[in-house]
Amino acid sequence: MSSQRLTQILLLLNVTVVSISLWSFINVADGGLSQFKSQEAASFAPPEDASPPVAAVEPIPSAKVLVVPDSQHGAVLDNASQSAITSGGIGTTNSNGFYFVHPKQGERNFYEIAKKTGTDKVTAPVRLPDCLKNDASCTRPGCVRPECRPWGHHYDTIYQQRMGPYSRDDTDPFQFLEIGFYNGAGYDTYREFLHNGECHSIEIACIEKGPRSEGKWPWGNFAEKNKRYQQYLDEDRLHCGDGSDVNYLDEVWRKSMKRPDAPPLKIVVDDGAHLAPHMAQSVFFWFPKIEPRGILIVEDIQPISEANAFRT
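Residues numbered from 1 in each chain as written. Predicted model: local features only at pLDDT ≥ 70, side-chain atom pairs only at ≥ 80, totals over all residues. Heavy atoms only, no water.

**Some points on the packing of aromatic side chains**
Spelled out, the test is: Pairing of aromatic rings covers Phe, Tyr and Trp, the last counted by its six-membered ring, and requires centre-to-centre distances within 6.5 Å; plane angles under 30 degrees mean stacked, over 60 mean edge-to-face, and any other angle means tilted. We count a stretch as a helix when DSSP gives it H or I for four or more residues in a row; a strand needs E for two or more, and each element gets its number in order from the N terminus. Whether a residue is buried, partly exposed or exposed follows from its accessible area with a 1.4 Å probe, protein chains only, as a fraction of its type maximum: under 20%, in between, or over 50%, in that order.
Under the definition given, this model contains 16 aromatic pairs. Look at Phe110 and Tyr159: their rings are 5.1 Å apart centre to centre, the planes differ by 90 degrees, and that puts the pair in the edge-to-face class. In this pair, Phe110 sits in helix H4 (residues 110-117) while Tyr159 sits in helix H6 (residues 156-163), placing the two residues 49 residues apart along the sequence. The class for Phe110 is buried, based on a relative accessible area of 0%.

In structure tokens, the structure reads:
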């Protein structure tokens, strides 16, 4: 057999394996889409306490999807774990056992900025102790991992580690995209943290008011509560539409982001409906558009029924 023929056979086998793997992933992520329909309506509706349901994480270097559990720093550590981690010299634990990453020289501090803007991406260290004492005070008391039960998260550790280099003043200009603006507290955090980033966000709640069955939004415009709402619209940075609709995503990409003068897309954060099919959609649509060594983060993959298919 000639070497050319052998090469052709190997390439064909490789394409077959990749195709089977992709088909399997789609079936797992999208498996039984009908079972998510009722969850989708509940997810779209505003939460009872008027706080947004957010975050779990997934960074990705240039070609590898990497899923990081929700409780990266929020876990209450025993003394041995505290000693092992702290000795690494990249962070410290507080008196309650929460681990915090120190910004490197020249980097902005995600945790301090997030506390100021009021995003729930960093509120778990404050809320977890009470939640552990009383399940009734937890937002998701049924979560297998106790660290995932309170309202809010502890994403500052993974964000400081992965996004810290992009927060420096000497970083080249780049694009950042958030899916799920809600009231903009997280977006405001990114705008301040990623100083050289051209930050975009997609939000469904600011589309035309009306029945969901007609492709409209019946639950109120959360986004307009942000004091810079109109500014973000005028800047063409806040995009009102369905972040799981491929046609709308393509419109945002082609008209607002893929401009001749636009910097490269480096970071995408999915903090949308937290439904497994939507998460998979974000990966398949946005991953190919991210520049090499960029990052894709999918929040809220902790053990909850809506996200289980994506995580597993």
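**Quick look at unusual backbone geometry**
Even without a glycine there, the phi angle at His274 is positive, about 65 degrees. Along the chain, His274 turns up in the loop between strand S6 (265-270) and helix H10 (276-286). Positive phi is not limited to glycine here, since Arg293 has a value of about 70 degrees. Mapped onto the secondary structure, Arg293 falls in the loop between H10 and strand S7 (295-298).

**Here we look at the state of the cysteines**
Rules: The rule for a disulfide is simple: a pair of cysteine sulfur atoms within 2.5 Å.
Counting across every chain of the model gives two disulfides. The disulfide that involves Cys131 links it to Cys138, with 1.8 Å between the sulfurs. Its torsion about the S-S bond being 110 degrees, the disulfide of Cys131 and Cys138 is classed as right-handed. Each member of the pair Cys131 and Cys138 is classed as buried. Covalent S-S linkage joins Cys206 and Cys240, the inter-sulfur distance amounting to 2.1 Å. Because the sign of the S-S torsion sets the handedness, a value of about -110 degrees for the bond joining Cys206 and Cys240 places this disulfide among the left-handed ones. Here Cys240 lies in strand S5 (residues 238-240) and Cys206 lies in the loop between strand S4 (197-203) and helix H8 (229-234), a separation of 34 residues in the sequence.

**Observations regarding the pairing of S7**
Stated formally: Consider the strands pointing away from the viewer: the crossover is right-handed when the path from the first strand over the helix to the second runs clockwise.
Here S7 shows two buried faces, one formed by Ile295 and Ile297 and the other by Leu296 and Val298. Viewed along the sheet, the connection from S6 through H10 into S7 turns out right-handed.

**Considering the sheet that holds S4**
Test applied: In this description, strands pair whenever DSSP reports at least two bridges between them. For helices, the axis comes from a line fit to the C-alpha atoms of the stretch in contact; other axes are also lines fit to C-alpha atoms, and the angle between any two N-to-C directions lies between 0 and 180 degrees. Whether two residues are in contact is decided by their heavy atoms, any of which lying within 4.5 Å being enough.
The strand order across the open sheet formed by five strands is S5-S4-S3-S6-S7, and the pairing between neighbours is parallel. Edge positions in the sheet fall to S5 and S7, since each of these pairs with one other strand and no more. For this sheet, the mean inter-axis angle between neighbouring strands, taken without regard to orientation, is 15 degrees. By the bridge criterion, three bridges tie S4 to S5 in an arrangement that is parallel. Considered in S5, the bridge of Ser201 is made with Leu238. Sitting on the sheet, helix H7 (residues 185-193) touches strand S3 (174-179), S4 and S6, and the angle it makes with S4 is about 170 degrees. In this fold H10 packs onto S3, S4, S6 and S7, with an angle of close to 170 degrees to the strand it touches most, S6.

**Points about the packing of helix H9 (residues 246-257) against H10**
When two helices pack together, their arrangement is captured by the angle between the axes and the distance separating the axes. Stated precisely, the cut-off is as follows: Every angle not falling under 35 degrees, over 145, or within 65 to 115 is termed oblique; those three ranges are roughly parallel, roughly antiparallel and roughly perpendicular. Helix crossings are classified by the rotation of the near helix relative to the far one: an anticlockwise turn of less than a right angle makes the crossing left-handed, while a clockwise turn makes it right-handed. Amino acids are sorted into nonpolar (Ala, Val, Leu, Ile, Met, Phe, Trp, Tyr, Cys and Pro), charged (Asp, Glu, Lys and Arg) and polar (every other residue, Gly among them).
It is the contact of H9 with H10, at a shortest axis distance of 11 Å, that shows an interaxial angle of 40 degrees. For the element pair H9 / H10, the angle class is oblique. Judged by the twist between their axes, the crossing of H9 over H10 is right-handed. Packed against H9, whose contacting residues are Val246, Leu249, Asp250, Trp253 and Met257, the element H10 presents Gln281, Phe285 and Trp286 at the interface. Here the residues of the contact of H9 with H10 are counted per class, giving six nonpolar, one polar and one charged.

**Side note on H4**
Note the threshold: What the arc describes is the spread of directions from the helix axis to the C-beta atoms.
Along H4, the residues that are buried comprise Phe110, Tyr111, Ile113 and Ala114. What you see down the axis of H4 is that its buried residues fit within an arc of 165 degrees, all on one side. Buried residues along H4 sit against strand S2 (99-101), H6 and H7. Taken from the residues just after H4, Gly118 is the one with a positive phi, measuring 85 degrees.

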